[in-house]
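Structural description and commentary
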Amino acid sequence: MTNRFLEMPDTNGYFGEYGGQIIPPELKTIMDEISAAYETVRQTETFQQELQELYADYVGRPSPIYHASRLSKKLGGAGIYLKREDLNHTGAHKINHCLGEALLAKYMGKTKVLAETGAGQHGVALATACALVGIDCEIHMGEIDIAKEHPNVTKMKILGCDLIPVTRGTRTLKDAVDSAFDEYLKDPVNFLYAIGSVVGPHPFPKMVRDFQQIVGHEAREQFLTKFGALPDVVTACVGGGSNAIGIFTAFLEDDAVELVGVEPAGKGLDTPDHAATLTLGSKGSLHGFKCYNLQDDQGEPLPVYSIASGLDYPGVGPQHCYLKDIGRVRYESINDQECLDAFMTLSRMEGIIPALESAHAVAYAMKLAPSLPKDQRILINLSGRGDKDADFVADRLNL
Ligand SMILES: *Cc1c(COP(=O)(O)O)cnc(C)c1O
């Protein structure tokens, strides 16, 4: 089956009016080279075969579909099904695109892969992929985040990556991006900047989507085999949007399948403490591409917040902006309290501790299920496991 959504973006990297390359000309040349190399490499059988083998034997794909039957029964409506990306090696969906990026770097003959990390999830997934592929990895991380995220910092060191503490400015993610980028610009011919979601200038939103779409393709096949039917609703949390686009892509042409992206409403949409970019943002540009943004009157990104650090980004992937505008995907939001409730409910009713990011999608499904008939099915992309969040939640709830 052809999927017209996979023909996007256009050659300039646009999904409708979103995306593109809003960057200086010298950087555009570099991005165009990456794009050309990617298009060549991904069509070679050796690359595809190596990637598919790693997905199977290293990541543990396909990840199972699990029927959360106790939870479904308690809610008394549609059945709830989980796509278990939390069972992947390293515990989340990020390994799917990090492996793709690290392999691409190897095929392009790059000597070093570079990135920034906030809470350290992208850093650990990338350091893992680089250790496996055998390529140098350099991660820039704010000093404040380094102090906060001890287990991830330790893992990155064990995995052999060069961890660069960022001491400038806010000493958090925002300045880590600038620091990593400065290093990248020293030798873009030999380095590859590995972006951690479906954001940034073209070709990254496309490339990361391509690497993540395996999630939806597997799920679609698994549903047809198991039930002879597609899910009625597919839902996923949205930070930059990679796990959501990963599961949505295979279903975009299935008009009967309702697709719902879930953003963090944080402390409430009527407070400044949220990161509901598609729900409340306006059009603008950020980090080299056009998208909905949470921005001030001058177009500067606003400080954003979520209980799930992987979701607090003031922009969002360009394809999501397009899918919102054409009405193919609906975007909803879930606040911190609803997220925590879902985190505890899934843990205690199914023995599955979800990442706080993923718990946003679980919370939305829990809200929706009672209003749907029992013979319908809701599929959640359970993007990651909650080991990283366990201490924080236990503290917060005085467990
Ligand atoms: C990073 C992360 C996210 C958010 O990123 P997306 O690009 O929006 O998918 C969601 N879930 C988990 C478990 C993560 O680690």
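What you see is a predicted model, and the numbers here were worked out from it, not measured in a lab. Every chain begins its residue count from 1, and numbering advances along the sequence as written. Predicted model: local features are reported for residues with pLDDT of at least 70 only, side-chain atom pairs are reported and counted for 80 or more only, and whole-chain, interface and lining totals are derived from all residues. Note that water and hydrogens are dropped before the side-chain values are worked out from all heavy atoms of the structure.

1. As for the pattern of salt bridges
Definition in use: Salt bridge, as applied in this entry: a Lys or Arg side-chain nitrogen positioned within 4 Å of an Asp or Glu carboxyl oxygen. Numbering goes from the N terminus for both helices and strands, where a helix is a DSSP run of H or I of at least four residues and a strand is a run of E of at least two. Only protein chains enter the accessibility calculation, which uses a 1.4 Å probe; a residue is then buried when its area is under 20% of its type maximum, exposed when over 50%, and partly exposed in between.
Enumeration over the complete set of coordinates arrives at 27 salt bridges. The partner of E39 in a salt bridge is R42, with the nearest N and O atoms 2.9 Å apart. Residue E39 and its partner R42 are located together in helix 1 (residues 25-42), separated by 3 residues, close to a single helical turn. Of the residues examined, E39 reaches a relative accessible area of 23% and is grouped as partly exposed. Its salt-bridge partner being E39, residue K206 comes within 3.0 Å of it at the nearest N-O pair. Here the residue K206 occupies a position in helix 9 (residues 204-212), and E39 occupies one in helix 1, the gap between them amounting to 167 residues.

2. Some thoughts on the domain arrangement of the protein
Applied cut-off: Domain limits in this description derive from either an automatic procedure or a database domain assignment. Here a residue-residue contact requires only that any non-hydrogen atoms of the pair lie within 4.5 Å. Two parts placed together each lose some accessible area under a 1.4 Å probe, and the buried area is that loss summed for both.
In terms of domains, the protein is made up of domain 1 (14-55 + 94-209) and domain 2 (61-91 + 213-396). Centre-to-centre separation of domain 1 and domain 2, based on C-alpha positions: 23 Å. Each partner contributes residues to the interface: domain 1 has 27 residues there, and domain 2 has 32 residues. Overall, the association of domain 1 and domain 2 removes approximately 2,300 Å² of surface from exposure, summing both partners, and the carbon and sulfur fraction of that is 62%.

3. A short note on the packing of helix 14 (residues 336-350) against helix 15 (residues 356-368)
Using the following cut-off: Structural elements are reduced to axes, namely lines fitted to C-alpha atoms, with helices fitted over the stretch in contact, and the angle between N-to-C directions of any two is expressed from 0 to 180 degrees. Each angle gets one of four labels, with under 35 degrees taken as roughly parallel, over 145 as roughly antiparallel, 65 to 115 as roughly perpendicular, and the rest as oblique. For this classification, Asp, Glu, Lys and Arg are treated as charged, while Ala, Val, Leu, Ile, Met, Phe, Trp, Tyr, Cys and Pro are nonpolar and the rest, including Gly, are polar.
Packing of helix 14 against helix 15 leaves a shortest axis separation of 8 Å and a crossing angle of 90°. In terms of axis orientation, helix 14 runs roughly perpendicular to helix 15. Contact residues: helix 14 offers E338, C339, L340, A342, F343, T345 and L346, while helix 15 offers L356, A359, H360, V362, A363, M366 and K367. Residues belonging to the contact of helix 14 with helix 15 are distributed by class as follows: 10 nonpolar, 2 polar and 2 charged.

4. Here's the deal with empty space enclosed by the protein
Selection criterion: Cavities and pockets were defined on a 1 Å grid built from protein atoms only: a cavity is a group of points that admits a 1.4 Å probe but offers it no way out, a pocket is an open group of points flanked by protein on both sides within 12 Å along at least five of seven lines, and a lining residue is one with an atom within 4 Å of any such point. Grid points are joined across faces, edges and corners, and a volume is the space filled by probe spheres set on the points.
Counted under the stated rule, the structure contains 1 cavity of 30 Å³ or more. Estimated volume of the largest cavity: approximately 40 Å³. Lining of the largest cavity is provided by V198, P205, R209, I245, G317, P318, Q319 and H320. Elements that contribute at least two residues to the lining of the largest cavity include exactly helix 9 and helix 13 (318-325). Sort the elements by how many residues they give to the lining of the largest cavity and helix 13 lands first, with 3 residues.

5. Here we look at the sheet that holds strand 9 (residues 233-237)
Heads up, the rule is: Think of it this way: DSSP has to see at least two bridges between two strands before they count as a pair.
Spatially, 6 strands are ordered 3-4-14-9-10-13 in an open sheet, and the strand pairing comes out mixed. Bordering the open sheet on either side are strand 3 (65-67) and strand 13 (329-335), each of which pairs with just one other strand. The mean angle between the axes of side-by-side strands here comes to 30°, regardless of whether they run parallel or antiparallel. The pairing of strand 10 (residues 258-266) with strand 13 spans 7 bridges and is parallel. What sits directly across from V262, in strand 13, is E332. Sheet strands touched by helix 15: strand 4 (79-84), strand 9, strand 10, strand 13 and strand 14 (377-382). Its angle to strand 9, the strand with the most contacts, is close to 145°.

6. Re the packing of aromatic side chains
Selection criterion: Aromatic rings from Phe, Tyr and Trp, with only the six-membered ring used for Trp, were paired whenever their centres fell within 6.5 Å, and each pair was classed as stacked if the ring planes differed by under 30 degrees, edge-to-face if by over 60, and tilted otherwise. Sitting over a ring, as applied to charges here, requires NZ of Lys or CZ of Arg to be within 6 Å of the ring centre and within 35 degrees of the ring normal.
According to the stated counting rule, one finds 10 aromatic pairs in the structure shown. Relative to F211, the ring of F47 has its centre 6.5 Å away and its plane inclined at 50°; by these criteria the two rings are tilted. Residue F47 is found in helix 2 (residues 45-59), and its partner F211 is found in helix 9; the two are separated by 164 residues along the sequence. The residues F47 and F211 share a single accessibility class, namely buried. An aromatic cluster of at least three residues, connected via ring pairs, comprises Y38, F47, Y107 and F211. Between the NZ or CZ atom of K324 and the centre of the ring of Y292, over which it lies, the distance is 5.7 Å.

7. Here we look at the nonpolar core
Rules: Throughout this description, the term nonpolar core refers to a set of buried Ala, Val, Leu, Ile, Met, Phe, Trp, Tyr and Cys residues connected via side-chain atoms within 4.5 Å.
L126 and L379 are the most contacted members of the largest nonpolar core, which has 86 residues in total. If you count residues domain by domain, this core takes at least three from each of domain 1 (14-55 + 94-209) and domain 2 (61-91 + 213-396). Leave out the neighbours within four places in its chain, and L126 touches C98, V113, L114, A115, C137, I139 and A194. If you look at the next biggest cluster of nonpolar residues, it comprises 37 residues, including L340, L368, I378 and V393.

8. Side note on the site of the ligand
The line we're drawing: Think of it this way: one heavy atom of a residue within 4 Å of a molecule or strand is enough to make that residue near it. Distance and chemistry together define a polar contact, namely a pair of N or O atoms within 3.5 Å, with one atom able to donate a hydrogen and the other to accept it when in protein, and with adjacent residues in sequence counting only for side-chain atoms on both sides. Here the open area of atoms and residues is found with the Shrake-Rupley method and a 1.4 Å probe, where only the protein chains shown may cover a residue.
Around the ligand lies a shell of 16 residues, among which K94, S197, G241, S242 and S383 are the nearest. S197 is positioned such that a nitrogen or oxygen atom in its side chain is 2.6 Å from an oxygen atom of the ligand. Here an oxygen atom of the ligand sits 3.2 Å away from a polar atom, N or O, in the main chain of G240. Contact with the protein chains covers 97% of the free accessible surface of the ligand, which is 380 Å². Its residues assigned to classes, the shell around the ligand shows 4 nonpolar, 10 polar and 2 charged.

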